[in-house]
Amino acid sequence: MKLRRVRAIALKELLQTWRDPRSLMMALLVPVMQMLLLGYGVNLDIQHVPVCTLDEEGSFFSQALLKRFQASRYFELVEALKRPGDIAGAMDQGRCRLALVVPADFSRTIAQTSHGTLQAIVDATDDNSAALATAYANAVIAGFSANVQAVAMQRQGLPVQPPALVVQSRVWFNEDLESRNFIIPGVVALVLALVGAQLTSLTIAREWERGTMELLVSTPVTPMELLVGKLAPYFVIGLLDAGICLAFALVWFEVPFRGAFTTLLVTTSLFLVVVLSMGYLVSVTIRSQVGASQIALLLTVMPISLLSGYAFPIDQMPAPIQAITYAIYARYYVTILKAVFLKGSGLAALALPVLALVAYAIALAWLAARAFRKRIE
Amino acid sequence: MDAVVRASGLAKRFGGVVAVDGIGFEVSHGEIFGLVGPDGAGKTTLLRMLAGVMAPDAGAASIDGIDVVAAPERLRERISYMPQRFGLYEDLTVDENIRFYAELFEVPPAQRRERAARLLAASAMEPFRRRLAGQLSGGMKQKLGLTCALVHAPRVVLLDEPTTGVDPLSRREFWRILYALRSEGVTLLISTAYLDEAERCDRLALLQDGHLRFCESPAELRARMPGALVEVASTSPREVRAALAPLAGVRSVLLVGDGVHVHVDNAARVPQLEAALSERAIAFDAARVVMPTIEDLFVALLGPGAQAAA
Ligand SMILES: Nc1ncnc2c1ncn2[C@@H]1O[C@H](COP(=O)(O)OP(=O)(O)OP(=O)(O)O)[C@@H](O)[C@H]1O
Ligand SMILES: [Mg+2]
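Rules used in this analysis
Residues numbered from 1 in each chain as written. Chains lettered and ligands numbered in written order. Predicted model: local features only at pLDDT ≥ 70, side-chain atom pairs only at ≥ 80, totals over all residues. Heavy atoms only, no water. Donors = N, O, S within 2.8 Å, 3.2 Å for Na, K, Ca; no water. Helix = DSSP H or I, 4+ residues; strand = E, 2+ residues; numbered from the N terminus. Buried < 20%, exposed > 50% of the residue type's maximum accessible area, 1.4 Å probe, protein only. Pairing = 2+ DSSP bridges. Near = heavy atom within 4 Å. Polar contact = N/O pair within 3.5 Å; in protein donor to acceptor, adjacent residues only side chain to side chain. Areas by Shrake-Rupley, 256 points an atom, 1.4 Å probe, with all protein chains shown as cover. Contact = heavy atoms within 4.5 Å. Buried area = accessible area lost by both parts, 1.4 Å probe. Salt bridge = Lys/Arg side-chain N within 4 Å of Asp/Glu carboxyl O. Nonpolar A, V, L, I, M, F, W, Y, C, P; charged D, E, K, R; others polar. pLDDT = per-residue confidence, 0-100. 1 Å grid on protein atoms, 1.4 Å probe; cavity = no way out; pocket = protein on both sides within 12 Å on 5 of 7 lines; lining within 4 Å. Points joined across faces, edges and corners; volume = space filled by probe spheres on them. Phe/Tyr/Trp six-rings, centres within 6.5 Å; stacked < 30°, edge-to-face > 60°. Lys NZ or Arg CZ within 6 Å of the ring centre and 35° of its normal. Core = buried A, V, L, I, M, F, W, Y, C linked by side-chain atoms within 4.5 Å. Domains from an automatic or database assignment. Arc of directions from axis to C-beta.

Enquirer: Looking at this structure, I do not really get the coordination of the magnesium ion (ligand 2). What am I missing?
Expert: Tetrahedral coordination by four donors puts the ideal angle at the metal at 109.5 degrees, and octahedral coordination by six puts it at 90 or 180 degrees. Within the first shell, the magnesium ion (ligand 2) binds the protein through Thr44(B) (OG1) and Gln84(B) (OE1), at distances of 1.8 to 2.1 Å. Of this pair, Thr44(B) sits in helix α1 (residues 43-50) while Gln84(B) sits in the loop between β6 (79-82) and α2 (94-104); the two residues are 40 residues apart in sequence, bridging distant segments of the chain.

Enquirer: Help me understand the pairing of β6(B) in this model?
Expert: All names here are of chain B. Both faces of β6 are covered, namely the face carrying Ile79 and Tyr81 and the face carrying Ser80 and Met82. Relative to strand β7 (residues 156-160), β6 runs parallel, the two being bridged by 4 bridges. Across the sheet, the residue bridging to methionine 82 is leucine 159, located in β7.

Enquirer: I keep staring at the site of ligand 1 and nothing clicks. Help me out?
Expert: Residue and element names in this part refer to chain B. Near ligand 1, the surroundings consist of 14 residues, among which Gly40, Lys43, Thr44, Thr45 and Gln84 are the closest. Alanine 41 has a polar backbone atom sitting 3.2 Å from an oxygen atom of ligand 1. Lysine 43 is positioned such that a nitrogen or oxygen atom in its side chain is 2.9 Å from an oxygen atom of ligand 1. Contact with the protein chains hides 66% of the accessible area of ligand 1, taken as 630 Å² for the molecule alone. Only β2 (17-28) and α1 provide two or more residues apiece to the shell around ligand 1.

Enquirer: Can you walk me through the interface of chain A and chain B in this structure?
Expert: How big an interface is tends to be stated in terms of accessible area lost as the parts join. Contact residues are listed per partner, giving 28 residues for chain A and 32 residues for chain B. For the pairing of chain A and chain B, the buried interface totals around 2800 Å² over both sides, and the portion due to carbon and sulfur atoms is 55%. Taken together, the connections running from chain A to chain B amount to 8 salt bridges. A salt bridge links Glu73(B) to Lys374(A), with the shortest nitrogen-to-oxygen separation between them at 2.9 Å. Our count for the contact surface shared by chain A and chain B stands at 20 residue pairs in polar contact (both at pLDDT 80 or more). When contributions to the side of chain A that touches chain B are tallied by element, the ones reaching two or more residues are α1 (3-19), α7 (179-210) and α8 (213-217) of chain A. The element best represented in the side of chain A that touches chain B is α1(A), accounting for 9 residues. A per-class count over the side of chain A that touches chain B returns 10 nonpolar, 5 polar and 13 charged.

Enquirer: Help me understand the confidence of the model for chain A, please; the structure alone is not making it clear to me.
Expert: Low pLDDT means the predicted coordinates in that region are not meant to be read closely. Residues and elements named next belong to chain A. In this model, chain A carries an average pLDDT of 82, and 85% of its residues clear a pLDDT of 70 or more. Averaged pLDDT values for the elements of chain A fall to 46 in strand β5 (residues 148-155) and rise to 96 in α1. Taken together, the stretch residues 151-177 has pLDDT below 50 and engages in 66 contacts with residues farther than four places along the chain or on a different chain.

Enquirer: Can you help me understand empty space enclosed by the protein in this one?
Expert: A water-sized probe, rolled over the atoms, reveals where empty space remains. All chains considered together, the criterion is met by 6 cavities of 30 Å³ or more. What the largest cavity holds in volume is close to 150 Å³. Lining the largest cavity are 20 residues, with Leu215(A), Tyr81(B), Met82(B), Pro83(B) and Gly145(B) positioned closest to its centre. Of all elements in the fold, only β6 and α4 (138-150) of chain B reach the threshold of two or more residues within the lining of the largest cavity. Looking at the lining of the largest cavity residue by residue, the classes come out as 10 nonpolar, 8 polar and 2 charged.

Enquirer: Just to check I follow, could you spell out the packing of aromatic side chains for this structure?
Expert: What characterises a pair of aromatic rings is the spacing of the ring centres plus the angle enclosed by the ring planes. This structure, assessed with the given rule, holds 11 aromatic pairs over all chains. Between Phe25(B) and Phe33(B), the ring centres sit 4.9 Å apart and the planes meet at 15°, which makes this aromatic pair stacked. For the residue pair Phe25(B) and Phe33(B), the accessibility class agrees, reading buried in each case. By the ring-pair criterion, three or more aromatic residues cluster together here, those being Phe271(A), Tyr329(A), Tyr333(A) and Tyr360(A). Its guanidinium or amino end placed over the ring of Trp208(A), Arg287(A) lies 3.8 Å from that ring's centre, counting from NZ or CZ. The aromatic ring of Tyr326(A) is capped on one face by Arg331(A), whose charged end is 4.1 Å from the ring centroid.

Enquirer: What am I meant to see in the nonpolar core here?
Expert: Note on soluble globular proteins: their nonpolar side chains tend to be buried together. If you look at the biggest cluster of nonpolar residues, it comprises 129 residues, and the most contacted ones within it are Phe271(A), Leu46(B) and Leu50(B). When residues in this core are grouped by element, the largest group, 15 residues, is from α7(A). Those residues within four positions of Leu46(B) in sequence are excluded, and the remaining contacts are Leu10(B), Val20(B), Ile23(B), Phe25(B), Leu35(B) and Leu207(B). Counting 33 residues, the second-largest nonpolar core is a separate cluster that includes Leu159(B), Val186(B), Leu297(B) and Phe298(B).

Enquirer: Explanation requested: unusual backbone geometry in the structure shown.
Expert: Note: most peptide bonds trans; most residues except glycine with negative phi. One non-glycine residue with positive phi stands out, namely Arg287(A), at about 70°. Of note, Arg287(A) is situated in the loop between α10 (261-286) and α11 (289-307).

Enquirer: How should the domain arrangement of chain B be read in this particular structure?
Expert: With domains assigned, chain B is organised as domain 1 (3-217) and domain 2 (226-291). For domain 1 of chain B versus domain 2 of chain B, the distance between C-alpha centres works out to 39 Å.

Enquirer: Hey, could you run me through helix α8 (residues 237-244) of chain B in this one?
Expert: Structural remark: α-helix, 3.6 residues per turn; residues separated by three or four positions point the same way. Residues and elements named next belong to chain B. Listing the buried residues of α8 in full gives Val240, Ala243 and Leu244. An end-on view of α8 places all buried positions within 85° of arc, on one side of the element. What points out from α8, more than 90 degrees from its buried face, is the exposed set Arg238 and Ala242. Next to the buried residues of α8 lie β11 (228-233), β12 (250-256), β13 (259-264) and α9 (270-279).

Dropping the structure here:
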C-alpha cells in the first residue's frame, strides 16, 4: 500500500465532498438536525400519571410513602380505594393507570426483614409508558427508602395477573428521570450510521455513474489503497460529527457524561469502521448512487431506530425480537454509549460489546477490502 | 522492429452480442496504430481488453512482453489508457485532475510540473488550469484527458476516440502531440471516427462486427481497392449521383464536399460517365481519377457488396 496514492484519493474525496452541497449538508447539518429533532421530538417522559391507592395498612409510614408519589410530577394521586376488588374497575374505567397497594403488614415486614414489598399494578395497554411508569414508581420508592421494593404487576384486564414485570434497573442510572438522557447518547449512533453509511455509499457508485471508474481502474491504484483512501475522509468527518453530537448532548441538553472521552473515542472509531465499511460494500455492489444510498438507509436507520435499544429498551421487546437485536451491530455501540454517558463505564467493563464491535469491524472491513475488483464488465 | 503490443484470438461477448471475435495483430515500437470501423465494430471493447481493464473471454495479449490478461497490474505504469467517455472528475479543476493522476502514478512533483506545463502549452490549455473540468468545452476536456494520460510518461498509449467532438484546430494540436510522442519512441493505439485521421496513422486496423477485416498501412489499403476512383466536381451532386449510380461498372457513388466520388471497376469508364451526365444536361466541372481517401476505402472495403469485391 502506497501512502502517496491513499493520500491522493483521500484528498480528492474531501474536495468532492466539500464541493457537493448535498454531501456537505449531510456531513455537517444532519448531526445538528438529528440531535435537535430527537432531543426535543422524541420525549418519552410521562407526567401526571393518574394513580389509585389502596392503603391496607393506613399507618403514618404508608401515608408518607404515598405522599412521595403525590409530590412527584410524574404521578397524581386521584383516588383512595377501599377494597382490592375496586382496582379493576378503576383501571377499566380509565380513572387511573397505576394502582399502588400497600399491604397490611408493610411496616412490620420492613421492621423484621428490612425488606418491604409494595404492589404496583400498571395498566399495560401501552407497554412503553407502563414500563416508564413502573420505572418511575421504583425511583420514587428508592428515593423514599432503599429498603422498600416494589413488585410491579402488569394488568390488561381481569383478573389481576401474577407479578410479571420485573423492576427496571434503568432509572437507577438516570436518577433525574429524564427519558431524554436515556435517548440522547443513542442518537450519536444513529447520526454516525446515517451520515457515515450515506456518504460512503456514494463513493464508488459515483465513480461508476460519472464514468470515472474506467480511468481509475487503469491506474496502478490497488483495491486496498482505494478502500483506505476513500474511507479515511469519512472517518474524519464521522469523528467530527461525533464531536458535534457530543457537544450538543453535553452543552445543549445537559446530558450527564460520566465516562472517559478516550473510551468514547475508541468505541466510536470502531463503530465508524463498521458503518463506513458497510456503506462502501453497498456502493461497490449497487453501483448506482440512488440505489446505494437507499440500501444504506435501509441497513442503518431502520434497524438502529427500531432494534438498537436507543429509544426502545431491548429488554422490553418480545423474546424473538430480542434475539434479533444481537445481530444488529448498533446495539453494541448503543449499549456502550449509554454506559459511558450514564454509568461512566470504562473499556474493561464494556469488554463484551466492545469485542462484538471489533468482530463486526474486522468482518466488514475484510469484506469491503475484497469486494472491489479492478475490472469493468 | 520489435512488436510491443501483441494480440491473438482476443474475443469478448456480451450476452448474445459478440463484440470482439478472435482478433489478433501486432504493433511495433514507435508506431501509430489506428483502429477504425463503424459504430459497434468493437473498437472500445478491444482497447479495454488491451488496457487490462476488461478481461477477454478468450485469446491472449501482451504489451512489452507482459501478459495483459494474467498480470494487468504489472502493466499499469507503462501504459496509459484514455477511455472514450470522459473519465476525469468534473468537480475538480484542471490542475487538480492532473495532480491526482500524477500522484496515482507516483510521478515526482518536479516531473509533473514540467510535463503538465509542456502538455498544457502544446494544447493551448494554460489559461484554464484553475477551471473546473466540468466547465470546459468538449474539446478542452479531451485535451485535459490527454494531458492526464501522458503525465506519467507511458511507453504505450491507448486512446479511444480522443478527438471526437474536438474542433479542427485542437485536433491539429492533438496530432502534433501524438507525432512528438512517436518520435520519442512511444507506441500509440488510437481509435478514431474521423477517417482523415486514419490517414495519419502508420497502420490501420479496419474492424467490422467484431472482426478484423484489414490490417495494413493506408497505402497498402489503397492498393487493395479494385478499379479506380473518379471525382466529379459539381454543384448538384445529388443529381450526379442519381445519374451515375445505375450505370454499368459503377460500384458506388459517395457524396463528398463539392461533388461525388465514383468507384468504378476501371479507369476507362471515365468517358462513359461524362457522356451520361452531358446527356442529362447536368452541369459538372471535371471528371478525373483521384487517389481514394480512407473514407472511399472504407465504403469500398466494408460497405455493402464489399465481401465480393475483397
Ligand atoms: N458493457 C457492454 N455490455 C453489453 N454490450 C456491450 C458492452 N460494451 C459493448 N457492447 C456491445 O458490443 C459491441 C461492440 O461495442 P464497442 O463499444 O466495442 O464498439 P465501438 O467500435 O467502440 O463502437 P463506437 O464507435 O460506437 O464507440 C456493440 O454491439 C455494443 O453494443
Ligand atoms: Mg467505442
